[in-house]
Amino acid sequence: MRLTSAESRSPELVDLPSPEPQAGEVRVKLAAASVNGFDLSVAAGHTKAYMQHRYPLALGKDFAGTVDAVGPDASGYAVGDRVFGTVTKEFLGDGSFAEYVTVPVQVGIAHLPEAVSFADGATLGLAGTAAYSAVDAANIDADTSVLVVGATGGVGVQVVQLTAAAGAAVAGTSGTEAEAELLRSLGATAIIDRTGDVVDQARKVFPDGADVIIHLAGDPKVAAAAREGGTLVSTILFDPAQVPSNTVKLAPVMANPTPQLLTRIADAHVAGHTRTVIQQTFTLEEISDAFAAFAGGTVGKIVLVINQG
C-alpha cells in the first residue's frame, strides 16, 4: 500500500505491487516516515516544473525501517538491518509514505542504531541533514551570535541545539509561550516573537547585529538583523540578489543526505547531543490529518507510524 498522487487526482492510498530493488538498491520495510514541506509541495503539483515525476507517484522522503531485500551490487546492507534516511533519486515516484520503498545505498540511507527508535529515526533525514549543513556553513563557535528564524520547525529545533552546543549566543523565533519554553530547553538564550518586528527585537538582543542568521522560514528582510559583514545561512535563498542587503554574505544550503552525514547525525543523537521533537503521530491512513496538522504549523516533526510489527 502506498500513498500516491496522479496528475488528475488528489493523493490517495492504493494497493500496488511491492517495488523490487534494482542494482545498487535495497528495499526497506517502512516502520515510520515523517512529513516535510516538500511532500505537501509535491502533492500540490508545485514541483512538476523542475523535477521528473513518475506516476503513480508515491509521496514521502524521510523514512526508517528494516532492509527486507538487497539488490545486485548493493553492498554494506543485509536483510534485517535497521536503517533510516531520505529517499534520494533523480526522479519523484518512489516515496516513503508506503509499506515498502527502494533506495540506493550510495545516498540517502544509513544504519540506524538500536538506541534510536524508528519514530525518531524517521525525523532525522531531511531535518538533520539541513540543520547540520547549515551549522557547518556558519562556522559557529563560542564567540558567535546567532539568530535562528524558523526555530521551532523540524530543522530549527536541531539548529538551536547544535548552535547552543557550540557555545554560541542563540536567539530563536517563536509564536507562543509553549514554543518559547521549548526553545529555552533546547539552549536558546533569547526568544524573538515572530508575530512582531523580528529585526527590531533581534537588534535589541544583538545591538551590533547577529554574526549569523540561519534563515529557515519567513521574509528575507530579516537580513537587516545581521551585523555588517555577517552571514545569512539560508535553506530558502540561493541567489545573493534575493538578499536585501549589500553587507551580508549569503551562504545557501542544500541538504545532501550522504551516508556519512546521516551516520554523524545518528551518532550525535545516541550520544545525547541532540534530541528530536515530535509534535504528533498519525497512521498512513490518517495522512490527510497529518498534512493538515503540518500546514497549521508545527513544533518539531509530524510522524507517520506505518508498520511497527
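Preceding block: the structure.
Figured I'd write up the structure that's included with this text. (Residues numbered from 1 in each chain as written. Predicted model: local features only at pLDDT ≥ 70, side-chain atom pairs only at ≥ 80, totals over all residues. Heavy atoms only, no water.)

For the structure shown, the criterion picks out twelve salt bridges. One salt bridge connects Arg264 with Asp136, and the closest N-O pair in it is separated by 2.9 Å. Separated by 128 residues along the polypeptide, Arg264 in helix H7 (residues 259–270) and Asp136 in helix H3 (residues 126–138) bring together distant segments of the chain. Looking at Arg264, the relative accessible area reads 39%, which means it is partly exposed. A relative accessible area of 39% places Asp136 in the partly exposed class. Note that Glu177 is salt-bridged to Arg184, the shortest N-O span being 3.2 Å. (Salt bridge = Lys/Arg side-chain N within 4 Å of Asp/Glu carboxyl O. Helix = DSSP H or I, 4+ residues; strand = E, 2+ residues; numbered from the N terminus. Buried < 20%, exposed > 50% of the residue type's maximum accessible area, 1.4 Å probe, protein only.)

Note that Val248 resides in the loop between strand S15 (226–234) and strand S16 (249–252). Residue Val248 is classed as buried on the basis of its relative accessible area, which comes to 9%. A sequence separation of 118 residues divides Val248 from Ala130, and the C-alpha atoms of the two residues are 21 Å apart. Setting aside anything within four residues of it in sequence, one finds Val248 in contact with Ala223, Ala226, Arg227, Gly230, Thr231 and Leu232. (Contact = heavy atoms within 4.5 Å.)

What follows concerns the layout of surface pockets. Here the largest pocket is characterised by a volume of approximately 1,400 Å³. Lining the largest pocket are 47 residues; nearest its centre among them are Gly37, Phe38, Leu126, Val155 and Thr235. Taken together, the elements giving at least two residues each to the lining of the largest pocket come down to helix H1 (37–43), H3, helix H4 (154–165) and helix H6 (198–205). When the residues that make up the lining of the largest pocket are grouped by side-chain class, the tally is 23 nonpolar, 16 polar and eight charged. (1 Å grid on protein atoms, 1.4 Å probe; cavity = no way out; pocket = protein on both sides within 12 Å on 5 of 7 lines; lining within 4 Å. Points joined across faces, edges and corners; volume = space filled by probe spheres on them. Nonpolar A, V, L, I, M, F, W, Y, C, P; charged D, E, K, R; others polar.)

Let us now look at the pairing of strand S7 (residues 82–86). Across the five residues that make up S7, a large majority, five, are buried. A two-sided burial pattern is seen for S7, the buried positions comprising Arg82, Phe84 and Thr86 on one face and Val83 and Gly85 on the other. Relative to S7, strand S6 (residues 62–70) runs antiparallel, the two being bridged by five bridges. Opposite Gly65, over in S7, you have Val83 as the bridge partner. Note: S7 against strand S10 (residues 109–111), three bridges, orientation antiparallel. From the neighbouring strand, Phe84 faces S10, where its bridge partner is Ala110. (Pairing = 2+ DSSP bridges.)

Here H4 crosses helix H5 (residues 177–186) at 35 degrees, and the two axes come no closer than 9 Å. Within the contact between the two elements, H4 uses Val157, Val160, Gln161 and Ala164 and H5 uses Leu182, Leu183 and Leu186. Counted by class, the contact of H4 with H5 contains six nonpolar, one polar and no charged residues. (Axes fitted to C-alpha atoms, helices over the stretch in contact; angles between N-to-C directions.)

With parallel pairing, the six strands of this open sheet are ordered in space as S13-S12-S11-S14-S15-S16. A single partner strand is all that each edge strand has here, and the edge strands are strand S13 (190–193) and S16. Between one strand axis and the next, the sheet turns by 20 degrees as a mean value, whatever way the strands run. Where S15 and S16 come together, four bridges link them in parallel fashion. By the bridge assignment, Leu232 is partnered in S16 with Leu250. Most of the contacts of H5 go to strand S12 (residues 169–174), to which it runs at about 160 degrees, and overall it touches S12 and S13.

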